[in-house]
Amino acid sequence: MLRSKLRSLLLGAGTVTVMLGTALAPATAAAAAPAPGDVSPAALSCTVPRGYTYTSVSLTTTCSTSGLSPLYNVVAPRTGLWACTVPAGFTYTATSSTIVCSTSGLGTSYLLRAL
């Protein structure tokens, strides 16, 4: 049931993003960790829920009423994913310097591997 609710939230966020173009609506996902083997689609979110990671971040006014704040491309972690954080239950096998994981200069991207 949680999986279907999460999937609905994530799919709904993608639909809103496509429909609104540049006027992105913030999307949030449930705080529960993803189920093993669950490959959820990416969703734009103002926060990164526990158990998830993100693959890019940009600045937006959508997530704040005063100024710029981060907007994350949130995904469920899985082995082989290049991600900007290493969530619980994962380690990494390689790193790369990149501009997509930071809003100010270079950040680090991690090649994830499940523990």
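Going by the structure above, here's the rest.
This structure is a prediction, so every number in the text was calculated from the model and none was measured. (Residues numbered from 1 in each chain as written. Predicted model: local features only at pLDDT ≥ 70, side-chain atom pairs only at ≥ 80, totals over all residues. Heavy atoms only, no water.)

Chemist: Explain the overall build of the chain to me, using residue names and the numbers behind them.
Modeler: A count of helices and strands for the chain gives 1 helix and 6 strands. Its helices and strands in sequence order give the chain the pattern α-β-β-β-β-β-β, from N to C terminus. Per-residue burial over the chain gives 32% buried out of 115 residues. The long-range fraction of contacts in the chain, counting pairs at least 24 apart against all pairs at least 6 apart in sequence, stands at 50%. (Helix = DSSP H or I, 4+ residues; strand = E, 2+ residues; numbered from the N terminus. Buried < 20%, exposed > 50% of the residue type's maximum accessible area, 1.4 Å probe, protein only. Contact = heavy atoms within 4.5 Å.)

Chemist: Residue-level account of the sheet that holds strand β6 (residues 107-114), with values.
Modeler: To summarise the sheet geometry, strands pair through backbone hydrogen bonds and adopt either a parallel or an antiparallel arrangement. With antiparallel pairing, 3 strands are arranged side by side in an open sheet as β4-β6-β5. Either end of the sheet is taken by a strand with one partner, and the two such strands are β4 (82-83) and β5 (90-98). Examined bridge by bridge, β4 and β6 share 2 bridges and lie antiparallel to one another. Residue Trp82 lies in a different strand from β6, and its bridge partner there is Leu111. (Pairing = 2+ DSSP bridges.)

Chemist: Could you give me a rundown of the state of the cysteines, with the residues and numbers involved?
Modeler: Enumeration over the complete set of coordinates arrives at 2 disulfides. Here Cys46 is linked by a disulfide to Cys63, with a sulfur-sulfur distance of 1.9 Å. Disulfide Cys46-Cys63: torsion about the S-S bond near -80°, hence left-handed. Of this pair, Cys46 sits in the loop between β1 (43-45) and β2 (53-60) while Cys63 sits in the loop between β2 and β3 (69-75), and the two are 17 residues apart along the sequence. Described in terms of the sequence order of its bonded cysteines, the disulfide pattern of the chain is 1-2, 3-4. (Disulfide = S-S within 2.5 Å.)

Chemist: Before we move on, could you go through the sheet that holds β3 and cite the residues and values that matter?
Modeler: A sheet is described by the order of its strands in space; here 3 strands give the open sequence β1-β3-β2, paired in antiparallel fashion. Sheet topology places β1 and β2 at the edges, where each strand pairs with a single neighbour. Strand-to-strand twist in this sheet, taken as the mean axis angle between neighbours without regard to direction, amounts to 30°. Pairing of β1 with β3, which is carried by 3 bridges, proceeds in the antiparallel orientation. (Axes fitted to C-alpha atoms, helices over the stretch in contact; angles between N-to-C directions.)

Chemist: An account of the nonpolar core is requested, with residue identities and associated values reported.
Modeler: Among the nonpolar cores identified, the biggest contains 8 residues, and these are Tyr52, Tyr54, Val57, Tyr72, Val74, Ala76, Cys84 and Cys101. Of all the elements in the fold, those that place two or more residues in this core are β2 and β3. (Core = buried A, V, L, I, M, F, W, Y, C linked by side-chain atoms within 4.5 Å.)

Chemist: Let's hear about the environment of Thr60: which residues, and what values?
Modeler: For Thr60, the position within the fold is in strand β2. Overall, the relative accessible area of 11% leaves Thr60 in the buried class. As for Thr60 and Pro70, which are separated by 10 residues in sequence, their C-alpha atoms are 6.2 Å apart. Within the structure, the side chain of Thr60 is placed 3.0 Å from the side chain of Thr62, a separation counted as a polar contact. (Polar contact = N/O pair within 3.5 Å; in protein donor to acceptor, adjacent residues only side chain to side chain.)

Chemist: Can you tell me about the environment of Ala42, naming the residues and giving the values?
Modeler: Secondary-structure assignment places Ala42 in the loop between α1 (2-20) and β1. What makes Ala42 partly exposed here is its relative accessible area of 37%.

Chemist: Go over a nonpolar patch on the surface with me, naming the residues and quoting the values.
Modeler: On the surface, Ile99, Val100 and Leu106 cluster together into a nonpolar patch covering about 320 Å² of accessible area. If you trace the backbone, Ile99 turns up in the loop between β5 and β6. (Patch = residues over 30% accessible without salt bridge, like charges linked within 9 Å, V, L, I, M, F, W, Y side chains within 5 Å. Areas by Shrake-Rupley, 256 points an atom, 1.4 Å probe, with all protein chains shown as cover. Salt bridge = Lys/Arg side-chain N within 4 Å of Asp/Glu carboxyl O.)

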